[in-house]
Amino acid sequence: METSISKKATWGYLLKFSLPTIISMLLMSTFGIVDGIFVARLIDPIALSAVGIVFPFFAFVMAIGFMLGVGGNALVAKKIGAGLETEARVNFSLIALTAFILSVLVAVVGIAFPSFILNILGANDFVYDMALEYMMPLLYFLPAIILGMAFQQFLITEGKAHIITITTVASGLTSAGLNYVFIYLMDMGLRGAAIATSIGFTLPAIIGLLYFTFKRSGNLYFVKPKFEIRVLGRACINGASEMVTMLATSITSVLMNNILMRLQGPEAVAAAGIMFAAMGIFTALFVGFSSGIAPIISYNYGKGDTENLKRVYINSLWLIGIISTLSIGLAWLLTNPIISVYDVPVGTAIYDMAFVGTRILAAGFVFMGFNTFSSMWFTALNNGLVSSVLSFFRTLVFVVIAFLILPEIFGLNGAWVAMPAAELLGIGLTIFFFKKMKRKYNYA
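If you're wondering where the values come from, they're calculated on a predicted model, not measured in any experiment.

**Q** Summarise the overall build of the protein chain; cite the residues concerned and give the values.
**A** The helix and strand inventory of the protein chain stands at 15 helices and zero strands. Its C-alpha radius of gyration of 21 Å places the protein chain within 12% of the 22 Å reference for a compact globule of 444 residues. C-alpha extents for the protein chain along the principal axes are approximately 60 × 40 × 35 Å. Each of the 444 residues in the protein chain was classed as buried or not, and the buried ones make up 59%.

**Q** Tell me about helix 12 (residues 349–362), residues and numbers included.
**A** For helix 12, spanning 14 residues, the distance from its first C-alpha to its last is 20 Å, which sits close to the expected 20 Å at 1.5 Å a residue. Within helix 12, burial applies to Ile350, Tyr351, Met353, Ala354, Gly357, Thr358, Leu361 and Ala362. Axial view of helix 12: buried residues confined to an arc of 165°, hence all on one face. Of the surrounding secondary structure, the elements contacted by the buried residues of helix 12 are helix 10 (266–303), helix 11 (306–340), helix 13 (365–380) and helix 15 (412–441).

**Q** I'd love a proper account of the environment of glutamate 408, names of residues and values included.
**A** With respect to the helices, strands and loops of the structure, glutamate 408 is situated in helix 14 (residues 384–410). Accessibility expressed as a relative area gives 56% for glutamate 408, which makes it exposed. Taking the C-alpha atoms as reference points, glutamate 408 and isoleucine 259, 149 residues apart in sequence, are found 10.0 Å from one another.

**Q** Report on the nonpolar core, specifying residues and quantitative values.
**A** As a rule of thumb, nonpolar side chains are buried together in soluble globular proteins. Grouped together as the largest cluster of nonpolar side chains are 140 residues, with contacts concentrated most on Leu14, Phe212, Leu260, Tyr342, Trp377, Phe378 and Tyr443. In this view, leucine 14 contacts Ala9, Phe289, Ile293, Ile296, Val312, Asn315, Ser316 and Leu319; residues no more than four positions away in its chain are not counted. Ranked by size, the runner-up nonpolar core spans five residues in total, among them Phe182, Met188, Ile195 and Ala196.

**Q** Describe in detail the packing of helix 11 against helix 13, supporting the description with residues and values.
**A** Geometry of a packed helix pair, given as the angle between the helix axes and the separation of the axes. Two numbers describe how helix 11 lies on helix 13: the axes approach to 8 Å, and their chain directions differ by 150°. Taken together, the axis directions place helix 11 and helix 13 in an arrangement best described as roughly antiparallel. Seen along the crossing, helix 11 lies across helix 13 with a hand that is right-handed. Here Leu309, Val312, Tyr313, Ser316, Leu317, Ile320, Gly321, Ser324, Ser327, Ile328 and Ala331 of helix 11 come into contact with helix 13, specifically with Phe365, Val366, Gly369, Phe370, Phe373 and Trp377. A class-by-class count of the residues in the contact of helix 11 with helix 13 yields twelve nonpolar, five polar and no charged.

**Q** Outline the packing of aromatic side chains, listing residues and values.
**A** Under the defined criterion, the tally for this structure stands at 25 aromatic pairs. With 4.7 Å between their ring centres and 55° between their planes, phenylalanine 92 and phenylalanine 212 make a pair best called tilted. Of the two residues, phenylalanine 92 sits in helix 3 (residues 85–112) while phenylalanine 212 sits in helix 7 (residues 189–214), which places them 120 residues apart along the sequence. Take phenylalanine 92 and phenylalanine 212: they sit in the same class, and that class is buried.

**Q** Summarise helix 6 (residues 161–185); cite the residues concerned and give the values.
**A** Helix length check: helix 6, at 25 residues, gives a terminal C-alpha distance of 35 Å against a target of 36 Å (1.5 Å per residue), a fit within 8%. Just beyond helix 6, the residue with positive phi is aspartate 187, at close to 55°.

**Q** Go over the environment of threonine 379, please, and point to the residues and values.
**A** Positionally, threonine 379 belongs in helix 13. Residue class for threonine 379 comes out buried when judged on its relative accessible area of 1%.

**Q** Report on the confidence of the model for the protein chain, specifying residues and quantitative values.
**A** Here the protein chain averages 85 in pLDDT, while 97% of its residues score no lower than 70. Mean pLDDT across the elements of the protein chain ranges from a minimum in helix 9 (residues 240–263), with 78, to a maximum in helix 15, with 92.

**Q** Before we move on, can you summarise the pattern of salt bridges with the specific residues and values?
**A** Evaluated as defined, the whole model comprises five salt bridges. Its salt-bridge partner being arginine 394, residue glutamate 423 comes within 3.0 Å of it at the nearest N-O pair. One end of the pair, glutamate 423, is in helix 15; the other, arginine 394, is in helix 14, and 29 residues separate them in sequence.

**Q** Explain the environment of leucine 102 to me, using residue names and the numbers behind them.
**A** One can find leucine 102 in helix 3. The partly exposed category is assigned to leucine 102, whose relative accessible area is 32%. Other than its neighbours up to four places away in sequence, leucine 102 contacts Ile64 and Leu68.

**Q** Explain the side chain of serine 49 residue by residue, including any values.
**A** Among the structural elements, serine 49 can be located in helix 2 (residues 48–81). Among the residues examined, serine 49 registers a relative accessible area of 0% and is labelled buried. Polar side-chain contacts of serine 49 include one of 2.5 Å to the backbone oxygen of isoleucine 46. Apart from residues lying up to four places away in sequence, serine 49 is in contact with Val127, Met130, Pro266, Val269 and Ala270.

Cut-offs used in this document
Residues numbered from 1 in each chain as written. Predicted model: local features only at pLDDT ≥ 70, side-chain atom pairs only at ≥ 80, totals over all residues. Heavy atoms only, no water. Helix = DSSP H or I, 4+ residues; strand = E, 2+ residues; numbered from the N terminus. Rg over C-alpha atoms; globule rule 2.2 N^0.38 Å. Buried < 20%, exposed > 50% of the residue type's maximum accessible area, 1.4 Å probe, protein only. Expected span 1.5 Å × (residues − 1). Arc of directions from axis to C-beta. Contact = heavy atoms within 4.5 Å. Core = buried A, V, L, I, M, F, W, Y, C linked by side-chain atoms within 4.5 Å. Axes fitted to C-alpha atoms, helices over the stretch in contact; angles between N-to-C directions. Parallel < 35°, antiparallel > 145°, perpendicular 65-115°, else oblique. Left-handed = near helix turned anticlockwise from the far one by under 90°. Nonpolar A, V, L, I, M, F, W, Y, C, P; charged D, E, K, R; others polar. Phe/Tyr/Trp six-rings, centres within 6.5 Å; stacked < 30°, edge-to-face > 60°. pLDDT = per-residue confidence, 0-100. Salt bridge = Lys/Arg side-chain N within 4 Å of Asp/Glu carboxyl O. Polar contact = N/O pair within 3.5 Å; in protein donor to acceptor, adjacent residues only side chain to side chain.

Here you go:
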């Protein structure tokens, strides 16, 4: 009997299957902007610099959930495609438990050594107290946040991506409503913003926990886990590229924040917060599509259906090309409206830096879509090594090189150019590995 994950991979099918994930990613990005708007309008635009300082640590921790979620999902989906449902459930239960334990350990370390972490993140005397106020509440919610990220990936394999969409909407509305209550009505400042955001991110964990505990008729639900280091190792290797991407985001954000503080001070960090929030909307399109169709790739690979795998490959490349082109145009058209919602006056330093920087960043969209897809493609094929190499060079090596060189030559605009430059270098690796691995997997 044909299931939703095994149909012929036409353009319409790929878009329909990935649409709930795309919408979820877009909503998460949009709600992230909403949180920033509350901070900018109800506290102060400069408070965005504190949020920007804390973000790299948050990204570092979330990488754990994303690695185990995406990598474990690739492993589990492949086993389901091969008819090994019982083994898939045992592996899934082990992966979820491991994600929880690791997140608790990281949270404890963060709570014990906040000053050490903030100093590494580049918090100077001006933003230190604000950054500490924002970071501490997030630490207490980390286990739930990480589990929520992992559960979302497994729900895609279950064919329940609509649950992710509904949960994301509920999470965003909860976060927005609580931001208003905590910041405006209760005058809790950045601490209230962090608590509101954390509660919103906790909802996916609650929904996932309930679903996988009580829904016993699907492919995946909680059973007694069996500790297998090989399974955890394979999940980590499969998801290593996604972890590398998020870790690289964390590392490069720390580097960028330190450079921006040196070049223009907290105003530049605040402008970067606005820019990358806007960029996150368009990035969500690529990540949402790529992660949304990943179970289709893993399933057909596990099943040995090379014809359908070829359809997924070529149709995905066409769709990403179209999405990339549209994204550049939309980014340019919406630059002013996006910045304006933060209540940053035209002509101020923050506005001018955010305006120019957003348009420079948009140039990288033409390459970003293909680079994002290539990493997820090899993850779904259970080739974590190639996926990790792609992510490592594109999101870390190339970005660090660009950040260390370009600002010295072009000043602040050089910092903005660094990301598109890294994507341009990354497309070379993407093309190389697509050609090199096509005979092994027969996708072209």
